[in-house]
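Spelled out, the chains give:
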Amino acid sequence: MTISPLQKARYEYAPKLPGMLRHGIQEISVKEGLATQSVADQEKIQALFPNTYGKPEITFVKGDAKDVTPSKKTVGVILSGGQAPGGHNVISGLYDALKALNPENTLLGFKGGPSGLIEDSYVEFTDEFIDEYRNTGGFDIIGSGRTKLETQEQFAIVAEVAKKHGMNAIVIIGGDDSNTNAAVLAEYFAAHNTGVQVIGAPKTIDGDLKNDDIETSFGFDTATKTYSEVIGNIERDANSAKKYWHFIKVMGRSASHVALECALETQPNICLISEEVAEKKMSLAQIANYIADAVEYRSNHGENFGVAIIPEGVVEFVPEFSTLISEINELLAGSKADAFNALPSWAEKYAFIEKGLTAESMDVFKILPVGIQQQLFLERDPHGNVQVSLIESEKLFSALVADELARRKEAGTYKGKFNALHHFFGYEGRCAFPSNFDADYCYSLGYNAALLIENGFNGYLSKVSNLSKPAEEWVAGGMPITKMMNMERRHGEDKPVIRKALVELEGKPFKFFEAHRDEWSKNTCYTYPGAIQYYGPAEVCDLTTHTLALEKGE
Ligand code: FBP
């Protein structure tokens, strides 16, 4: 197989473990903290998790060397949900720690995400196999998937599969939903005395799996650095050519953590924050006006160029737009979609829409560019709902800004030129070679997971904290997943879930952005982070995100 020089070099990279995990693995022992409580709805969560609720937080510390080799274990691992840089290192850290504990330990990788566990589709890892994936991006080592493990029937099948392989534990590498499911599976295993443990690891580039216990999810660091590199390059091009406004949509699903971090790294002229749009109940016209003001100001100062970052989920946070989406979903519910689809021309479809929407939603619909109008009706998910994530919001906002500027031109208040270009950065960042931070963090999460298994914990999340400091000072341990849970309404039912973290408008990263964005919008203050550095001085290679540094008061 041909491999790139960087790939070869990264195979050799030795990820940094937290200082406390650098002792001989037989010398690491457990320090128990106090019993935990869920973040809210304590009685309900306790009733739902009678066997796994209230356990203590633990940290690993140096203890006395044990001279007996731990009993042989078989562990299963899955990758769940969207790709995030570093997944391969969670698996290699887990593998190395298991082998260090007992060379006869076995690690099975279940293929294609949670469905691999149900279908009993797996590979057994060996040194040669693992070595080809160390410190590389992607989830291709075993693949991933979005099947949800949540029903009693599925749990019973997984218990059978675990029994068949003599498995002692399963490690679930996933986001908030997957770790919620990990907690429910752990409770099932405990309630049915299967003896199988479940350990979670916090993954997602979106950065929305974050709370008092999880400082950051893995992958966020590398993905945002990858997008920021390219945004910085675009800024430099914009500032060189001085003739385009670039509208850049960045991935991140609902939360705007990715957009905010990229803005902190590159200081663009505009960055929308969905959570603020919702808080201020901004309309599409207000957002377009806000951007048009920046375009006009810069144009009046001879700068007919700029860069605007648009978070993936922003349109869902615009109240009038989400009302429009609900009305469209209602308008085409069930068989009504067939009547709509049978109409031969867009003009007839438009008349159907005009009849079906309220006057307020029709006003919103009318101002959308035709391409977006059609997207709302034509590209629908299997349940017939509008696929909000497919809406090209970067094009939507640039079109609305162009309309607003045309009005201002007519009124004689704006005389500039506005040429827009569009970009979407998402998949480009999800499988990049993990930064040193993500390579180290992920390897530590996996290594730590093996120690949690060895020490008999069930329903715990592999926790590595103090992450804004050098790896030597990181703190390794575990937290019961139930500690992070509350009750939320999902699909018409009250469910125990890990709360998704949106950008906090009172938080330090947003406050920093808010304090500077006016200056960034008017002047050209771009910063150019450049490519992720893997080799060289720690001050350029081991940087954490601005978000984490600001949250930690640095
Ligand atoms: P996870 O929440 O599973 O980590 O996935 C994150 C994400 O990359 C989002 O940012 C994006 O909206 C979504 O996945 C895209 O999903 P898909 O890979 O199915 O297109």
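Residues numbered from 1 in each chain as written. Predicted model: local features only at pLDDT ≥ 70, side-chain atom pairs only at ≥ 80, totals over all residues. Heavy atoms only, no water.

Colleague: Describe the packing of aromatic side chains, and please don't skip the residues or the numbers.
Modeller: Counting across every chain of the model gives 20 aromatic pairs. Ring geometry for Tyr350 against Phe365: centres 5.8 Å apart, planes inclined by 40 degrees, an arrangement best described as tilted. You can see Tyr350 sitting in helix α14 (residues 346–356) and its partner Phe365 sitting in helix α15 (residues 359–367), a full 15 residues away along the chain. Judged by relative accessible area, Phe365 falls into the buried class, the value being 0%. (Phe/Tyr/Trp six-rings, centres within 6.5 Å; stacked < 30°, edge-to-face > 60°. Helix = DSSP H or I, 4+ residues; strand = E, 2+ residues; numbered from the N terminus. Buried < 20%, exposed > 50% of the residue type's maximum accessible area, 1.4 Å probe, protein only.)

Colleague: Can you break down the sheet that holds strand β10 (residues 306–311) residue by residue, with the values?
Modeller: A sheet is described by the order of its strands in space; here four strands give the open sequence β9-β10-β8-β11, paired in parallel fashion. Sheet topology places β9 (270–271) and β11 (420–425) at the edges, where each strand pairs with a single neighbour. Summarising the sheet, strand β8 (residues 245–250) and β10 pair through six bridges and their orientation is parallel. The partner of Val250 across the bridge, within β10, is Pro311. (Pairing = 2+ DSSP bridges.)

Colleague: Quick rundown of the site of the ligand? Include the residues and the values.
Modeller: Around the ligand lies a shell of 13 residues, among which Gly82, Arg146, Thr204, Asp206 and Tyr427 are the nearest. Between the ligand and Glu312, the relevant distance is 3.1 Å, taken from an oxygen atom to a side-chain nitrogen or oxygen of the residue. When the ligand is considered free in solution it has 480 Å² of accessible area, and contact with the protein chains removes 78% of it. In the shell around the ligand, the residues fall into three nonpolar, four polar and six charged. (Near = heavy atom within 4 Å. Polar contact = N/O pair within 3.5 Å; in protein donor to acceptor, adjacent residues only side chain to side chain. Areas by Shrake-Rupley, 256 points an atom, 1.4 Å probe, with all protein chains shown as cover. Nonpolar A, V, L, I, M, F, W, Y, C, P; charged D, E, K, R; others polar.)

Colleague: So what's going on with the environment of Ala201? Which residues, and what values?
Modeller: In this structure, Ala201 sits in strand β7 (residues 197–202). Sequence separation between Ala201 and Val171 is 30 residues; the distance between their C-alpha atoms is 7.5 Å. Dropping the residues within four chain positions of it, Ala201 is found in contact with Val90, Ile172, Ile173, Gly174, Asn179 and Leu461. (Contact = heavy atoms within 4.5 Å.)

Colleague: Lay out the sheet that holds strand β1 (residues 28–35) with the relevant residues and their values.
Modeller: Across a sheet, strands are paired by hydrogen bonds formed along the backbone, either parallel or antiparallel in direction. Within the open sheet, the nine strands sit side by side as β1-β2-β13-β12-β7-β6-β3-β4-β5. Their pairing is mixed. Both outer strands of the open sheet, β1 and β5 (122–124), are each paired with one neighbouring strand and no more. The sheet shows a mean angle of 25 degrees between the axes of neighbouring strands, taken without regard to direction. As defined by bridge partners, strand β6 (residues 169–174) adjoins β7 across six bridges and the pair is classed as parallel. Across the sheet, residue Ile173 finds its bridge partner in β7, namely Ala201. In the packing of helix α3 (residues 87–101) onto the sheet, contacts are made with β3 (74–79), β4 (106–110), β6 and β7, and the angle to β3 comes to roughly 175 degrees. The sheet contacts of helix α6 (residues 152–165) involve β3, β4, β5 and β6, and relative to β4 the element is tilted by about 145 degrees. (Axes fitted to C-alpha atoms, helices over the stretch in contact; angles between N-to-C directions.)

Colleague: Any chance you could break down helix α8 (residues 220–241) for me, citing the residues and the numbers?
Modeller: Between its first and last C-alpha, α8 extends 31 Å over 22 residues, near the 32 Å set by a 1.5 Å rise per residue. Following α8 by one or two positions, Lys242 adopts a phi angle in the positive range, close to 55 degrees. (Expected span 1.5 Å × (residues − 1).)

Colleague: Tell me about the packing of helix α11 (residues 284–300) against helix α17 (residues 393–410), and name the residues and values.
Modeller: Where α11 contacts α17, the two axes come as close as 8 Å, and the packing angle between them is 65 degrees. Viewed along their axes, α11 and α17 adopt a mutual orientation that is roughly perpendicular. Crossing of α11 over α17 shows right-handed handedness. Where α11 abuts α17, its residues Leu284, Ile287, Ala288, Asn289, Ile291, Ala292, Asp293, Val295 and Glu296 lie against Leu396, Phe397, Leu400, Val401, Glu404, Leu405 and Arg408. (Parallel < 35°, antiparallel > 145°, perpendicular 65-115°, else oblique. Left-handed = near helix turned anticlockwise from the far one by under 90°.)

Colleague: Just give me the short version of the pattern of salt bridges, but keep the residues and values in it.
Modeller: Oppositely charged side chains can pair when the atoms bearing their charge come close. Scanning the model with the defined rule gives 33 salt bridges in all. Notably, a salt bridge pairs Arg408 with Glu404, separated by 2.9 Å at the nearest N-O pair. Within this pair, Arg408 and its partner Glu404 are both found in helix α17, separated by four residues, close to a single helical turn. Exposure class is identical for Arg408 and Glu404. Each is buried. Residues Lys522 and Asp518 are paired through a salt bridge, measuring 3.2 Å at the closest nitrogen-oxygen approach. One end of the pair is Lys522 and the other is Asp518, both in helix α20 (residues 508–522) and four residues apart, which spans about a single turn. Judged by relative accessible area, Lys522 falls into the partly exposed class, the value being 29%. Through salt bridges with shared partners, one network takes in Asp293, Glu296, Glu404, Arg407 and Arg408. (Salt bridge = Lys/Arg side-chain N within 4 Å of Asp/Glu carboxyl O.)

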